[in-house]
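Coordinates in review
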Amino acid sequence: MNEQNSILPEITGLAAGIIIGAMIMVIGRMLFGNGIIPTYTSNWIQSNYDPAVLVVCATSSAFAVIWYLISLKWWRTFTEKEFSQARISWWLLFVLPFLSFIISLFIWGKDGNNNLETIALVFFSLILLLGMCSSYWLSTALSTPPNMRRVVPLVGLFPRFR
Amino acid sequence: MSVYVIAIGGTGTKIVEAVCHLAAAGIYTQGERIPKIEILFVDPDKGNGNLKEADGAIATYQNCTKNIDQGINPTLNWWMQTKLEFLGLWTPFQKADEFRLRDVFKYDNYNGNREVIRHLFDVLYTEKERDVLLKDGFLGRPAIGSAIMTQLRQNVATNESWKELIGKIDSDLKTEANNPPQVFLCGSIFGGTGASGFPTLGRLIAKELDNPETGNLLRKVKLGGLLMLPYFRFPSKEDKEAVFARSEEFILKTEAALRYYGTQDLKFDTIYLLGMPTMTNVEKFSKGGSDQRNDPHVLELYAGLALRDFIFTPKPNERQVILLSRNKDNEISWEDVPDKDEVRRKLTNAVRFAYIWLSRIVPGLEHAKTKLGEVDFALKFYDRESIKKSGEWDRINAIKVWCEAYLKWLGILHANGIGLRWFNVTAFYNQGNLIIDRSNFPDLVEKGLDKEINIRIRDLSKKDLQGIDNGTTGLAKALYKVLSEKSI
């Protein structure tokens, strides 16, 4: 397998994770939009939901791309002695996507002047969390070069990567 | 098919050392043909340092090959597949207390009517030559060696080593009629044991094989030999009367020997002669024994390649003269190697394998013992139990020992000033020490030729492996397979 061939699956994995994250956000929007998950404010989706998912999705995707670029340079010389260092780097990059999730929830997790209904809050949090996980964790799990893949926590969940 | 290599004297043992390394690389294979090589050493000097090195090389190789079972797959079934068997060491001294010429020939018993025999003996040998102890070898005196070796002719019926050799050849002919065995003698033309043993043993073997009682085997068995012309010299001792080898006499002895061979019909199918225009300096003089330990020389590697040619060239119907030379005076490049494409590919793959094993695999497996999940390549071939098993670590270390020996041998060959230019030796060898630094891998064969090790090993897998495909055996085979898919 030459280098170009090996990058293609990785980039595909990166894109897949980001797209799946985006799709989760879109599905969530549909659930709120159809009233399946009720909100008080009529334009809650445009004023709260959209900016929140945009921030979380964009931050997670951006840091997934940063991780991929780091691993793309690192894997050629990577050894197991650097495993802990690499994992710490992954977690450090995860901080901002996670913070974006918390901050988005804090800023946009309201319904006008009221708090969101519990069920709406739970679903909103879940959508943001799943979107963040997909855009960051899933993207990095699928795109990290094979010899560094185990740096991504829980990557062993994938039977293919066991 | 069996090939019997009879290594005579110190030079013979150095050639065997080269044969071991070449066998590991798969040089003694051609397609499906993978002969078994059986080695018999002939040397009066049991404690010879070169002999110990050759012994060690055989043991290292055997320890490694027993871990690589059926080869890798049908297209790569030759790496570490040649079986090397050690038939033992034959010394011409039958009795432990007879190490002097006068003892072997019962000089002191020639009295009275038989005193004339003693006088003849006095003409042929000086007093010092009669009395010198020969247990460290024949001291560069073929005249002494020949006299001792001819005793074998009288004792051959009772000599166990020779009976075993002829018996094995006979048995091979019966079991493998389509692939008859081959016999190859090798030694120096200028030393003591080699110069005396080669013609004597050659004639003896030819006579044994050409004997109607043993079925005239000589028609079927291919018999060949290699003689090394002087290729090294050493400082001589001041004492001009003492009996020991003197390198300033090598050329003269060689000339006399070549004239002799020109008049003899040894009944060999093929004879190889190898030499260099300039001799390598051996810094330390040694009379024999454990001190006699010369560094490997590229001419010994060529001797190993001559064995390859002998094995795979059909028995000739008529005598031919084939010459080999190098393109440049001060350099030996790949262009100077017979069958260069195949030899280069196999030696290079072995170098890459050895370097990756030492610099990446072994350190990775050490880490994997406690943190298997962090070592991607180890996860493919081991589980948490097997990575800790002592049997696996015996295999890992056996391969590691071979890798170190192989790289060191190549390093010395490059470093001894002959101008060998096959690998970029500074990437792995410096002043007697191996340099194992994975960042040097791209420069191993040629500066900048290769990519980093991780690029090479990312495709390690069990796919298409033959036989055992897990554990250390699987890993080694998978690594070699990956390297051979992107050769040179």
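Predicted, not measured: the structure shown is a model, and the values here were computed from it.

1. Considerations on the packing of helix α1 (residues 9-25) of chain B against helix α2 (residues 49-65) of chain B
Residue and element names in this part refer to chain B. Look at α1 against α2: their axes get within 8 Å of each other, and the N-to-C directions meet at 20°. Regarding the angle of α1 to α2, the classification is roughly parallel. α1 and α2 meet at a crossing whose hand is left-handed. Each of G10, T13, K14, V16, E17, C20, A23 and A24 in α1 lies in contact with α2, whose residues at this interface are N50, L51, E53, A54, A57, I58 and Y61. In terms of residue class, the contact of α1 with α2 is built from nine nonpolar, three polar and three charged.

2. Topic: the nonpolar core
With 131 residues, the main nonpolar core has V5, A303 and L479 of chain B as its most contacted residues. Ranked by the residues each element gives to this core, the list is headed by helix α11 (residues 340-368) of chain B, at 13 residues. Counting contributing residues per domain, this core is built from domain 1 (2-99 + 134-324) and domain 2 (340-484) of chain B, each supplying no fewer than three. Once residues within four sequence positions are removed from consideration, V5 of chain B is found in contact with V16, V19, I37, I39, F184, C186 and L307 of chain B. Membership of the second largest hydrophobic core comes to 35 residues, among which are W44, F124, L138 and A141 of chain A.

3. Remarks on the confidence of the model for chain B
Averaged over all residues, the pLDDT of chain B equals 85, while 92% of them reach at least 70. Overall fold confidence (pTM) sits at 0.88, and the ipTM for the predicted complex is 0.85.

4. Some remarks on unusual backbone geometry
One non-glycine residue, L154 of chain A, lies in the positive phi region at around 65°. Position of L154 of chain A among the secondary structure elements: in the segment after α4 (118-143). Take L154 of chain A: there are 8 C-beta atoms within 10 Å of it, and that puts it in the exposed class. If you check the backbone angles, Q431 of chain B has positive phi at about 50° while not being a glycine. Tracing the backbone through its elements, the reader meets Q431 of chain B in the loop between β9 (429-430) and β10 (433-434).

5. Brief notes about the packing of helix α2 (residues 44-74) of chain A against helix α3 (residues 83-108) of chain A
All names here are of chain A. Remark: α2 packs on α3, axes separated minimally by 9 Å, with the N-to-C direction vectors making an angle of 175°. Between α2 and α3, the crossing angle belongs to the class labelled roughly antiparallel. Touching N48, P51, A52, V55, V56, T59, S60, F63, I66, W67 and I70 of α2 are S89, W90, L93, L96, P97, S100, F101, S104 and W108, all from α3. Looking at side-chain class alone, the contact of α2 with α3 contains 14 nonpolar, six polar and no charged residues.

6. Focus: the pairing of strand β4 (residues 182-188) of chain B
Residue and element names in this part refer to chain B. Buried residues dominate β4, accounting for seven of its seven residues. Across five bridges, the pairing between strand β1 (residues 2-8) and β4 is parallel. Looking at the pairing, A7 lines up with C186 of β4. One ladder, built from seven bridges, connects β4 with strand β5 (residues 222-228); its direction is parallel. Paired with L185 across the bridge in β5 is G225.

Rules of the game
- Residues numbered from 1 in each chain as written.
- Chains lettered and ligands numbered in written order.
- Predicted model: local features only at pLDDT ≥ 70, side-chain atom pairs only at ≥ 80, totals over all residues.
- Axes fitted to C-alpha atoms, helices over the stretch in contact; angles between N-to-C directions.
- Helix = DSSP H or I, 4+ residues; strand = E, 2+ residues; numbered from the N terminus.
- Parallel < 35°, antiparallel > 145°, perpendicular 65-115°, else oblique.
- Left-handed = near helix turned anticlockwise from the far one by under 90°.
- Contact = placed C-beta atoms within 7 Å.
- Nonpolar A, V, L, I, M, F, W, Y, C, P; charged D, E, K, R; others polar.
- Core = buried A, V, L, I, M, F, W, Y, C linked by C-beta atoms within 7 Å.
- Buried ≥ 20, exposed ≤ 12 C-beta atoms within 10 Å, placed from the backbone.
- Domains from an automatic or database assignment.
- pLDDT = per-residue confidence, 0-100.
- Pairing = 2+ DSSP bridges.

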